[in-house]
Every structure is written in structure tokens, then in C-alpha cells.
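Report on the structure
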Amino acid sequence: MKIICKKSELLNSVNIVLRAVSSKTTLPILECMVIDVSENHIKLVSNDMELAIETIVKGDIIDASTNKIIAINAKVFSEIIRKLSDNDVTVETDDRFMMTITCEKAKFNIAGKSADEFPTLPRIERKEAVVLSQFTLKEVIRQTVFSISDNEANKIMTGELFEIIGAELRVVSLDGHRISIRKIQLKENYGNIKVIVPGKTLTEISKILSGEMADEVTIYFTDKHILFEFEDTLVLSRLIEGEYYKINQMLSNDYETKIVINKKEFFNCIDRSTLLIKESEKKPIIVGVTDDNMELRINSNIGSMKEEIDIKKEGKDILIGFNPKFLMDVLRVVDDEEVTIYMINPKAPCFIKDKEESYIYLILPVNFNAANI
């Protein structure tokens, strides 16, 4: 095998497949990426048994008479390519799986492996396809993935629900303290689909997507896998098995207090308050709503802070406590200039949502005592 690629093209493709290279494994072959020229194009492949990525590299195949497929340590290969000059890179292999990488006056020789032991990707029947813009999918992930759980003991919470009913896609994540919901109107009617996609998959996908409105991504669903296809890249992931939580039972349109507040001002105020909280402390921010005024207070071992913000209010006064991080996480991803917050009482969930309910965020309040005020 002998190929020639521009360094920038090769490095970009290597960075894509690195996202599915296993860093902690007892199988050395999973630390490898595969270079495959058997189909008259240069394809890179990685697979950690949960997530697999294939991408096509723009370049020239000079010789494909022997060793059309080779496995090479992904970390070593990527670091070599990263530190080469910005010029053409030649990659050549011999019949003993030795690889020679040449760029200008630099020349590396590294040992490759037969790809026979590398896990092949399952073949997915391409039906039940859903088409979205890359911008929309990237935004949906950004606006929900922060509220998945990192506790592997509860696998369901480490993923996101993708539910399609007709022409509406609903994406849901939760971690036991909060729920994030985004609804997207699709261009076509796709019937009913309901799967749980690993959060890791969505995080890695969002880093690869261009985020351009004009670029599309096609999503295929099966009982056990989800396949994302865009540009020259395929991302295949196992689904999380099990029944997702019945979140409709947790949602409510009831409220005793409704406020409308400037998002940026609210975020900045909470952000300032966290200056007084050590990471080891779990101090709530106390929100007091009266008339057209919201007062935020925090009291920690470092000191205390109090700040007032103008609001529009309907309903009763309320004094309620929140984890400041949870509020900030939501405010970071809402693009509206103003946010509407619905509250019932100091122990009931708080909702942040728009009129169309294209997004809904539920946050559980936290208990506080007089010492916090």
C-alpha cells in the first residue's frame, strides 16, 4: 500500500476516528485505527465496541497491490502526523506490516498489524432514515447533553431518549435532579421511533458535525444501533437497552409563580455568586421573588452576597433554593434574550420553558435553612 495525502486532510480525518479509539482496553487491537484502501478510496476506521467511526480521506492511492488494509496504533500515528510539516504525507506499508511515513525530510518507520483481529462494523440496513441539518442536531445535543448522568450504575440515565412521533422529534435527558427536553419539527412524517442513545456518542458526534445549516445528517435506526451519516463520515453506535422513564408524569403546566427575567443578567448574577463557593461545598443560591423584584442571596464559609434583579411577575411571592450550577447550565444553552420560569412551591420542580415548549427544563429545588439566608 502507498498513499499520498495533504497533511491537513489526513490529520482532520485521523482526529475524527480518534473519537472511537479505546483508551482503556485489554485488547491491544482496539488501540488501533485501520487504514483501508481495498475499495479504491482511503478509509480510516476505529471501533471501541460501543462506538465506531468510518471516514474517507481525500488523497491519492499510488499502490494497492499488497496489504490493502492495515491496523496501526492510533495514538502513535496521530502524534506523528500532527507534528509533521504542512505538506504532502506519504504512507507506505510492506508485506511485513511495517509502515513508513514520509513528509519532506522527515521519515518514520513504525510497526503495524494485520487487521484480521479488528472488529468489523455490523452492517446496518439503511431504512427508517431521518434527515436533519447538522446545525439542528448539534444544537439539540448542546441543549440537552449536559443533564445526562455520569453514573454508570444507572445506564439509562447516561443516555438520551430520541423519540419521534410523526413529524416531531423529542430529545430528553435527565440525571435525577433535572430534566432537559428539546422538541424539533421535522420536514416529514416518520412514524414512531423510540431509542436511547449513549451520551458519549452524542458528545463525540457534536464535535465532528460542521454545525452548518446547509449541511445535512441522515440518521438510521435499528433495534440495537443508531447510524449517523454525513459528508464522508459514518458514526455507528450501540443503543442503550431498556425502558426510558415516563417523563410525561413529571411534567406539569400548573404554577403559582411565573416570572420573566433577562437571561444574561440572571446568568451573570449567579455566576458572581459562585465566587463564594468552594467546589467541595454544596451551597444553594436562594431566590426570593416579591412583586417585580428578584433577590438572589448566597451565604458560604467565604462570605455572603446579595443582588437584586428586575423581573416581570405573575402570582405569589416565593422563597426557593437551587443548585447554582443547574441554573447556569440551562441559561448557557437557552438562546432567548428573556427566559420564563414557572414555580409552584419551594419543594416542587421549577420549569423553564418557552411558549411553544420547544424547550423545557425541569430543575428540582434544594432545601435550605435559616443559616443560608
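Here's a quick rundown of the structure.

Things to note about the pairing of strand E24 (residues 338-343)
Most of E24 is tucked away, with five of its six residues classed as buried. In this sheet, E24 lies alongside strand E18 (residues 257-262) in antiparallel orientation, the contact comprising six bridges. Residue Lys258 lies in a different strand from E24, and its bridge partner there is Tyr342. Looking at chain direction, E24 and strand E25 (residues 350-353) are connected through two bridges and run antiparallel. Bridge pairing in E25 places Ile341 opposite Ile352. Where E24 folds back on E25, the antiparallel hairpin that results is connected by six residues.

Quick look at the packing of aromatic side chains
Under the defined criterion, the tally for this structure stands at four aromatic pairs. Here the aromatic rings of Tyr244 and Tyr245 are separated by 5.8 Å at their centres, their planes lie at 75°, and the arrangement is edge-to-face. On the basis of relative accessibility, which here comes to 5%, the residue Tyr244 falls in the buried class. Taking 5.2 Å as the distance between ring centres and 65° as the angle between the ring planes, the aromatic pair formed by Tyr255 and Tyr342 counts as edge-to-face. Taken together, the residues span a long stretch of sequence, with Tyr255 in the loop between strand E17 (233-238) and E18 and Tyr342 in strand E24 at a distance of 87 residues. Since its relative accessible area comes to 33%, Tyr255 is described here as partly exposed. Tyr342 gets classed as buried once you look at its relative accessible area, which sits at 13%.

Digging into the sheet that holds E17
Strand order in this open sheet of eight strands is E6-E2-E3-E4-E17-E16-E15-E10, and the pairing throughout is antiparallel. Where the open sheet ends on each side, the last strands, each with one partner, are strand E6 (69-73) and strand E10 (129-133). Sheet twist, expressed as the mean angle between neighbouring strand axes with direction ignored, is 20°. Two elements, strand E4 (residues 51-57) and E17, share five bridges in a ladder whose sense is antiparallel. Following the sheet pairing, Leu51 is matched in E17 by Ser237.

Let's talk about the nonpolar core
Among the nonpolar cores identified, the biggest contains 60 residues, and Ile35, Phe77, Leu137 and Phe228 are the most heavily contacted of them. With five residues, the top contributor of residues to this core is helix H1 (residues 7-17). In this structure Ile35 touches Met1, Ile3, Ile42, Lys43, Leu44, Lys68, Ile69, Ile70, Ile72, Phe77 and Met99, once residues within four positions along its chain are discounted. In terms of nonpolar packing, the next biggest core, distinct from the first, is built from 36 residues, Ile259, Phe266, Ile285 and Ile311 among them.

What about the sheet that holds E25?
Across the sheet, which stays open at both edges, the nine strands sit in the order E14-E11-E12-E13-E26-E25-E24-E18-E22 with antiparallel pairing between neighbours. Either end of the sheet is taken by a strand with one partner, and the two such strands are strand E14 (192-198) and strand E22 (312-315). Each adjacent strand pair in this sheet contributes to an overall mean axis angle of 15°, direction not counted. In this sheet, E22 lies alongside E18 in antiparallel orientation, the contact comprising four bridges. Residue pairing across strands places Thr257 opposite Gly315, the latter belonging to E22. In this fold helix H4 (residues 199-208) packs onto strand E11 (159-165) and E14, with an angle of close to 85° to the strand it touches most, E14.

Thoughts on the state of the cysteines
By the definition in use, this model includes zero disulfides. Of the cysteine sulfurs around Cys103, a residue in no disulfide, the closest is that of Cys5, at 11 Å. Its sulfur unpaired, Cys269 is 15 Å from the next cysteine sulfur, which belongs to Cys350. Judged by relative accessible area, Cys269 falls into the buried class, the value being 0%.

Examining the pattern of salt bridges
Tallied over the full model, the rule gives 23 salt bridges. The shortest N-O distance in the salt bridge between Glu79 and Arg82 comes to 3.5 Å. Of the two residues, Glu79 and Arg82 both sit in helix H2 (residues 74-82), three residues apart, roughly one turn of that helix. The exposure class of Arg82 is partly exposed, given its relative accessible area of 33%. Residue Arg332 is joined to Asp329 by a salt bridge in which the shortest nitrogen-to-oxygen separation is 3.2 Å. Of this pair, Arg332 and Asp329 both sit in helix H6 (residues 324-333), three residues apart, which is roughly one turn of that helix.

Brief notes about the environment of Ile61
Take Ile61: it is sitting in strand E5 (residues 60-63). Spatially, the C-alpha atom of Ile61 lies 41 Å from that of Gln143, the residues being 82 residues apart in sequence. Beyond its immediate chain neighbours, meaning those up to four positions away, Ile61 contacts Lys2, Ile3, Val37, Asn40, His41 and Ile42.

What counts and how
Residues numbered from 1 in each chain as written. Predicted model: local features only at pLDDT ≥ 70, side-chain atom pairs only at ≥ 80, totals over all residues. Heavy atoms only, no water. Buried < 20%, exposed > 50% of the residue type's maximum accessible area, 1.4 Å probe, protein only. Helix = DSSP H or I, 4+ residues; strand = E, 2+ residues; numbered from the N terminus. Pairing = 2+ DSSP bridges. Phe/Tyr/Trp six-rings, centres within 6.5 Å; stacked < 30°, edge-to-face > 60°. Axes fitted to C-alpha atoms, helices over the stretch in contact; angles between N-to-C directions. Core = buried A, V, L, I, M, F, W, Y, C linked by side-chain atoms within 4.5 Å. Contact = heavy atoms within 4.5 Å. Disulfide = S-S within 2.5 Å. Salt bridge = Lys/Arg side-chain N within 4 Å of Asp/Glu carboxyl O.

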